Amino acid sequence: MKMFISADMEGISGVATNMQLKKNDEYQRFRKLMTQDVNAAIAGAFDGGATEVTVADGHGNMSNILIEELDERARLVSGNNRVLCQLTGLDDSFDGIMFVGHHGREAGSERAVISHTLAGVAVAEMKINGKVVGETEMNAGAAGYFGVPAILATGDDAYVEEVMETLPEIEGAVVKLAVDRFAAELLHPSKARQIIREKAKRGAERAKEIPPYVVEGPVTFEIEFKGTNQAMMTTTLPTVELIGPKTIRFTCEDYITAYKHMWGAVIIGMAATNGVLGHANA
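Quick caveat: nothing in here was measured; it's all calculated off a predicted structure.

Trainee: Looking at this model, I keep getting lost on the overall build of the chain. Mind explaining?
Mentor: A count of helices and strands for the chain gives six helices and 12 strands. Here the chain has a C-alpha radius of gyration of 18 Å; the compact-globule value for 282 residues is 19 Å, and the two agree. Seen along its three principal axes, the alpha-carbon backbone of the chain occupies a region of about 50 × 40 × 35 Å. Split into buried and exposed, the 282 residues of the chain put 54% on the buried side. Counting contacts in the chain only where the partners sit at least 6 residues apart, residues at least 24 apart contribute 70% of the total. As displayed, the chain has an accessible area near 11900 Å², and 50% of this comes from carbon and sulfur atoms. Across the chain, the mean location of the 27 positive side-chain charges is 3 Å away from that of the 38 negative side-chain charges.

Trainee: Explanation requested: the pattern of salt bridges in the structure shown.
Mentor: Any two side chains of opposite charge can pair, so long as their charged atoms come close to each other. For the structure on display, the rule yields 15 salt bridges. A salt bridge links Glu209 to Arg206; the nearest nitrogen and oxygen atoms lie 3.2 Å apart. By sharing partners, the salt bridges in this structure join Glu169, Glu171, Lys199, Arg202, Arg206 and Glu209 into a single network.

Trainee: What is the right way to read the layout of surface pockets from this model?
Mentor: A water-sized probe rolled over the atoms picks out the places where empty space is left. Considered as a void within the structure, the largest pocket measures approximately 620 Å³ in volume. Lining the largest pocket are 30 residues, and of these Gly60, His116, Leu118, Ala119 and Gly120 lie nearest its centre. It is helix α6 (residues 255–271) that contributes the most residues to the lining of the largest pocket, three residues altogether. Looking at the lining of the largest pocket residue by residue, the classes come out as 11 nonpolar, 11 polar and eight charged.

Trainee: Can you help me understand unusual backbone geometry in this one?
Mentor: The phi angle of most residues is negative, glycine excepted, and most peptide bonds adopt the trans form. Pro218 follows Gly217 through a cis peptide bond whose omega is 0°. The residue Pro218 is located in the loop between α4 (189–206) and β10 (219–225) in this model. Even without a glycine there, the phi angle at Cys85 is positive, about 50°. Structurally, Cys85 is set in the loop between β3 (74–77) and β4 (96–100). The class of Cys85 is buried, set by a relative accessible area of 4%. With phi around 60°, Ala107 is a residue other than glycine that occupies positive phi space. Within the secondary structure, Ala107 is located in the loop between β4 and β5 (123–128).

Trainee: Please explain α6 as it appears in this structure.
Mentor: Since there are 3.6 residues in each turn of an α-helix, residues three or four apart along the chain are aligned in direction. With 17 residues, α6 should reach 24 Å at 1.5 Å per residue; the first-to-last C-alpha distance of 24 Å fits that figure. Burial in α6 covers these residues: Tyr255, Ile256, Ala258, Tyr259, His261, Met262, Trp263, Ala265, Val266 and Gly269. Looking at the buried positions of α6, the neighbouring elements they touch are β5, α2 (135–145), β10, α5 (228–234) and β12 (247–252).

Trainee: Please explain the pairing of strand β7 (residues 150–156) as it appears in this structure.
Mentor: Most of β7 is tucked away: seven of the seven residues are buried. In this structure, β4 lies alongside β7, joined through three bridges in parallel fashion. Bridge pairing in β7 links Phe99 to Ala153. The pairing of β7 with strand β8 (residues 171–180) spans five bridges and is parallel. Note that in β8 the partner of Leu152 across the bridge is Glu171. Between the parallel pair β7 and β8, the chain is carried across by helix α3 (residues 157–166), and the sense of this crossover is right-handed.

Trainee: Is there a simple way to think about the environment of Ile268 in this case?
Mentor: In this structure, Ile268 sits in helix α6. Spatially, the C-alpha atoms of Ile268 and Pro211 are 34 Å apart, while their sequence positions differ by 57 residues. Discounting chain neighbours no more than four positions away, the residues touching Ile268 are Met233, Thr234, Thr236 and Leu237.

Trainee: Can you walk me through the side chain of Glu135 in this structure?
Mentor: By the element assignment, Glu135 lies in helix α2. Look at Glu135: it is buried, it has no salt bridge, and the nearest opposite charge is Arg181 at 9.4 Å. Only 3.1 Å separates the side chain of Glu135 from the side chain of Gln86, close enough to count as a polar contact. In this view, Glu135 contacts Asp8, Gln86, His102, His103, His116, Thr117 and Leu118; residues no more than four positions away in its chain are not counted.

Cut-offs applied
- Residues numbered from 1 in each chain as written.
- Predicted model: local features only at pLDDT ≥ 70, side-chain atom pairs only at ≥ 80, totals over all residues.
- Heavy atoms only, no water.
- Helix = DSSP H or I, 4+ residues; strand = E, 2+ residues; numbered from the N terminus.
- Rg over C-alpha atoms; globule rule 2.2 N^0.38 Å.
- Buried < 20%, exposed > 50% of the residue type's maximum accessible area, 1.4 Å probe, protein only.
- Contact = heavy atoms within 4.5 Å.
- Areas by Shrake-Rupley, 256 points an atom, 1.4 Å probe, with all protein chains shown as cover.
- Lys, Arg positive; Asp, Glu negative; His and termini not counted.
- Charge placed at Lys NZ, Arg CZ, Asp CG, Glu CD.
- Salt bridge = Lys/Arg side-chain N within 4 Å of Asp/Glu carboxyl O.
- 1 Å grid on protein atoms, 1.4 Å probe; cavity = no way out; pocket = protein on both sides within 12 Å on 5 of 7 lines; lining within 4 Å.
- Points joined across faces, edges and corners; volume = space filled by probe spheres on them.
- Nonpolar A, V, L, I, M, F, W, Y, C, P; charged D, E, K, R; others polar.
- Expected span 1.5 Å × (residues − 1).
- Pairing = 2+ DSSP bridges.
- Right-handed = clockwise from strand over helix to strand, strands pointing away.
- Polar contact = N/O pair within 3.5 Å; in protein donor to acceptor, adjacent residues only side chain to side chain.

The following block contains the structure:
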């Protein structure tokens, strides 16, 4: 039984503020905590019957997990040039996907810790076929395209509640209680990791009974950006329609094509934040 883990950082046990992920000495601490949370999920996956685990580092530049401290039974996808972003390495050979350390969506719960959707500098809201989604639901749809069910979500309580509205069968591991976007009531990391391991085990055991989250095509994405400049520049893709000053729309025949299209549009939007090639002098 093969398990895939998509790991983010804002929902890791102990994280309460953005500065903990940016200031170098704090960031180094939380890289260790991220690796330990992922290790707890790996251990739980094997406890539940997994024979193979692949981890995709999915935060920031996507090279945060400390490979030398990662459970040696797992493989790690690291680095930031990835066509499938947080899901690179996933295909239809996997039996379940786990979301470790993920977070609430932009403009979701007012309590969700460090909430955003994929690119905090650029994305204000994302919809798929008219439904507002966060990263976990969006990624679960891509996993569903491959027939892979979403079996675990770890993070704060507001995030877990948000995800379970769309994925009611998922195992939710609450590692902290959300207070504000930059505040949380924290469990000790050892207790949080025990919860993650238990829920990961349960998810792996239930993988065959949890249905994949399948979004039938054609698939329409609407992305509201934070700046008009970001939205406008995505129309360099001829399939993208500007439907408002900051909002774009496009439709693809299947989910995975739409997912790649979305990621391309977000990359362009991020690049346009301060002007494309704004730092070049050529």
